[in-house]
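Overview (structure and organization)
Residues per chain, in single letters:
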Amino acid sequence: MKNGKTAILIFANSAEKEITTKSFSSKRVFEVLNNKTYTIAKNTGLPFFIHSETQQIGQSFGERFTNAIQSVYNKGFDAVITIGNDTPHLTSKHIVKAVEKLKIHDIVLGPSTDGGFYLMGLKKAHFNANTFLKLPWQTSKLNRSFTKLVASVKLSVTFLESLTDIDTISDIETVLNHSKTLSRTIKKLLIKYTSLNKIITTRLDIGSYCFVINHYLNKGSPLYFSY
C-alpha cells in the first residue's frame, strides 16, 4: 500500500521496559508482540517510525505520546496512524482500513475493551498538542473523553472493531477466548504463560496455607476444626 502522506507511529517500549510497567512479567511475550507489530506495520507498505523508551521525550505518558506524534508530523506527513505493541489481534488490515477511513473522516479510533484505544488515525490539521496533554491517558475514561472532545469541535470520528490490549493476566484470558484470529506462535506462548502462572499461584497458595498451619502448631496451641 503506497501513501506518501500517511505514516505509522509505533509507540511501544522494549520488552525489557514492558516487564517493569505491566502487572505480569514475561519478556518473551513482549519480544514476540514487538516483532509482530513491526511486521504488521511493514506489511502495510506505509512508512513507519518506532518510538520506544529511548526515543520518547517527556515525563508523563501524555507528554511522551504527544511529542512522538508531533515528531512524525514534523517529518512532513499529513496524517498519523498510531499503534502500540500490546494488542495481539491487531493486523495490517486494521491499519489499511484506518487509512481508507481517514479519506472520509477526520479521526479514526480502534477502541480497546479497557476504555482506551489500540489505534488512532489523526490528520495533522486536527492535532492540538495542548488539548492532547489534558486527556486522561492510561485510564478507562480515555475513549469516552476523546470522543466527547471530538464532538465538541465538530470533527467526524469513525471506529474500527473493539480489541483487547494485554495489561493483566485476565486480559490474556480474554484474548485466548477469541483465539481464532491469533497467530499460532502468540497463542501457544500466551497459553504457556497462563498455565505457568496458575502453577506458581497454586504453589504460593499451598505454601501460605502450610505456613499458617505451622505457625499455629509451633505455638503449641491446639487447632479446632468444626464441621
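Residues numbered from 1 in each chain as written. Predicted model: local features only at pLDDT ≥ 70, side-chain atom pairs only at ≥ 80, totals over all residues. Heavy atoms only, no water.

**Quick notes on the sheet that holds strand β4 (residues 107-111)**
Taken in spatial order, the six strands of this open sheet run β2-β1-β3-β5-β4-β6, and their pairing is mixed. Looking at the sheet topology across the chains shown, the edges are occupied by β2 (48-51) and β6 (157-159). When the angles between neighbouring strand axes are averaged without regard to direction, this sheet yields 20 degrees. Looking at chain direction, strand β1 (residues 6-11) and β2 are connected through four bridges and run parallel. Bridging across to β2, Phe11 finds its partner in His51. Each of β1, β2, β3 (79-83) and β5 (117-123) touches helix α3 (residues 61-73); the most contacted strand, β1, lies at about 150 degrees to it. Here helix α6 (residues 142-152) sits on the sheet and contacts β4, β5 and β6; the angle it forms with β4, its principal contact strand, is near 165 degrees. (Pairing = 2+ DSSP bridges. Helix = DSSP H or I, 4+ residues; strand = E, 2+ residues; numbered from the N terminus. Axes fitted to C-alpha atoms, helices over the stretch in contact; angles between N-to-C directions. Contact = heavy atoms within 4.5 Å.)

**Notes on the pattern of salt bridges**
Pairs may arise between side chains of opposite charge once their charged atoms sit close together. Inspection of every chain in the model, using the stated rule, returns three salt bridges. The residue Glu16 makes a salt bridge to Lys27 at a minimum N-O spacing of 3.3 Å. One end of the pair, Glu16, is in helix α1 (residues 15-21); the other, Lys27, is in helix α2 (residues 27-44), and 11 residues separate them in sequence. A relative accessible area of 37% places Lys27 in the partly exposed class. The salt bridge involving Glu100 is made with Lys103; its shortest N-O contact spans 3.3 Å. (Salt bridge = Lys/Arg side-chain N within 4 Å of Asp/Glu carboxyl O. Buried < 20%, exposed > 50% of the residue type's maximum accessible area, 1.4 Å probe, protein only.)

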